[in-house]
Amino acid sequence: MTSKVQNIVLLGIQWGDEGKAKIIDHLAEKADIVVRFQGGNNAGHTIVVGSEKTVLHLIPSGVLHPQTVNVVGNGVVFDMGVFLEEKNKLASRGVHVGPERLKVSELCHVILSYHQLLDRGREKFSTGVKIGTTGRGIGPTYGDKAMRLGVRIGEFRNVKPLKQRLEDTYKEKCLQLKELGVTEVPSFSEIFEKSLEHYEQIKPHLIDTSRYLSEQSANGKRIIFEGAQGTLLDIDYGTYPFVTSSNTSSGFAACGSGVAPSHLHYVLGLTKAYTTRVGAGPFPTECLGADEAIGKEIATKGNEFGSTTGRPRRCGWLDLVALKRAVTLNGCHGLALSKLDILSGFPEVKMATDYVIDGQKTQDFPNFWDREVKAEYQSFKGWPAFSGAARESQLPSELLTFVKAIEDYTKVKVVMISTGQKRDEMVIRDARLN
Ligand code: IMP
């Protein structure tokens, strides 16, 4: 008999938007707990059940499965207003979102309105590098955490010392905002009173999630660690400075949820059959020039528009050089593939197997992007349209050849193939995940 893996870390291993919510939703069916451990409401996780679409930005993607407990871990930067809005929306649809099944770490750093203003103000002001952030205040909040200027949500329980400390920080932020040309800033009391009001509503959900998760894991409960964004946006290992402000790779699943690394039993890396990226930054396999029409076709068929900002995503071929780097960094035990159906009907599909930098061929993903990086490709015969397969025998043989090439290059087995948007459109090739 095949023994099941207990805890699973699910990560996007490209530049985000790999379709994580659908995989999490699938895994959550057999899970006890789903935990978010980094990022914030810069993420947009879309789940389709029947004809109903749910987009979650902050609440973990397991919430639609009534038997799961959903946890926002300490590594997440937390917008209290967004949490309440999302919670109320779910409640109005009959989803149970009480504190027994929706828990928030009291150590989460809070996103305040000046963080959002600083994020947007900086992007507007900057004459040099423009990251193309989501404008949700993610970078400034993580920045304040590192600068020891941040506020952990649990601190609102003792108003007086917090108010004093935050008032000083506010003054500093106003100076920065003024320099950036942002003059319309809410008053300190407006920010503080609103935050207190939100805190009172969120208080029942606050716990020491580190202790809770460690105990539950020790008791044999299955936990799914839900990554946001993707490995190539990791603040250390991504295409810096065009990255997000958190560590998006597997190592941080432990830090950001407060469990020991020994509780992370299986790392599942998710990639689309092609590549997309929102915002600025390097993208060696982007379909440009002669391939521009292909990129546009992928974008249209794949509905490649940001679920948080609505921005169009840049599209290109699958990049095995980048994928191999992500697989190694995360220690992936298995790979999940999404959106293979979008590539159906193309006469030829391609994946990059090498980069050429300074005339030298390499399979090493660079740490610095100050030289031109040219991708070299292997071509494959395209596959005919298929819809919603749930068994491998229903998949076209050309598609399986493409899948095998990914396995051969990365030396990791493809264990899940998502074949459409709906919940049941999925082929599972490793029974241990069930
Ligand atoms: P920030 O996370 O809002 O600071 O944005 C930094 C970079 O990460 C920008 O290029 C964003 O487009 C990108 N980014 C942030 N969140 C996501 C996501 O969920 N999917 C894809 N890209 C994202």
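Our subject is the structure listed above.
This section reports on the structure supplied with the text. (Residues numbered from 1 in each chain as written. Predicted model: local features only at pLDDT ≥ 70, side-chain atom pairs only at ≥ 80, totals over all residues. Heavy atoms only, no water.)

Considering soluble globular proteins, one finds that nonpolar side chains tend to be buried as a cluster. Of all hydrophobic cores here, the largest spans 66 residues; its most connected members are F225, L343, F402 and I406. Contacts of F402, omitting those with residues within four sequence positions, involve A273, L318, L340, L343, V349, K350, M351, F380 and W383. In this structure, V95, Y170, L180 and I202 belong to the second largest nonpolar core, which totals 39 residues. (Core = buried A, V, L, I, M, F, W, Y, C linked by side-chain atoms within 4.5 Å. Buried < 20%, exposed > 50% of the residue type's maximum accessible area, 1.4 Å probe, protein only. Contact = heavy atoms within 4.5 Å.)

As a further point, take helix α9 (residues 292–301). The complete set of buried residues in α9 reads G295, I298 and A299. Here the buried residues of α9 occupy an arc of 100° about the axis, which is enough to place them on one side. What points out from α9, more than 90 degrees from its buried face, is the exposed set A293, K296 and T300. Of the surrounding elements, those touching the buried residues of α9 are β12 (274–277) and β13 (314–319). Downstream of α9 by a residue or two, N303 has a phi angle that is positive, lying close to 50°. (Helix = DSSP H or I, 4+ residues; strand = E, 2+ residues; numbered from the N terminus. Arc of directions from axis to C-beta.)

A complete count under the given rule lists 23 salt bridges for this structure. Linking E304 and K339 is a salt bridge whose minimum nitrogen-to-oxygen distance equals 2.9 Å. Of this pair, E304 sits in the loop between α9 and β13 while K339 sits in the loop between β14 (334–338) and β15 (348–357); the two residues are 35 residues apart in sequence, bridging distant segments of the chain. Classification of K339 by relative accessible area gives partly exposed; the value is 23%. Salt bridges sharing partners connect three or more residues here, namely D17, K272, E304, R313 and K339. (Salt bridge = Lys/Arg side-chain N within 4 Å of Asp/Glu carboxyl O.)

Moving on: the pairing of β13. Where burial is concerned, most of β13 is hidden: five out of the six residues are buried. Two elements, β12 and β13, share four bridges in a ladder whose sense is antiparallel. Bridging across to β13, T275 finds its partner in G316. (Pairing = 2+ DSSP bridges.)

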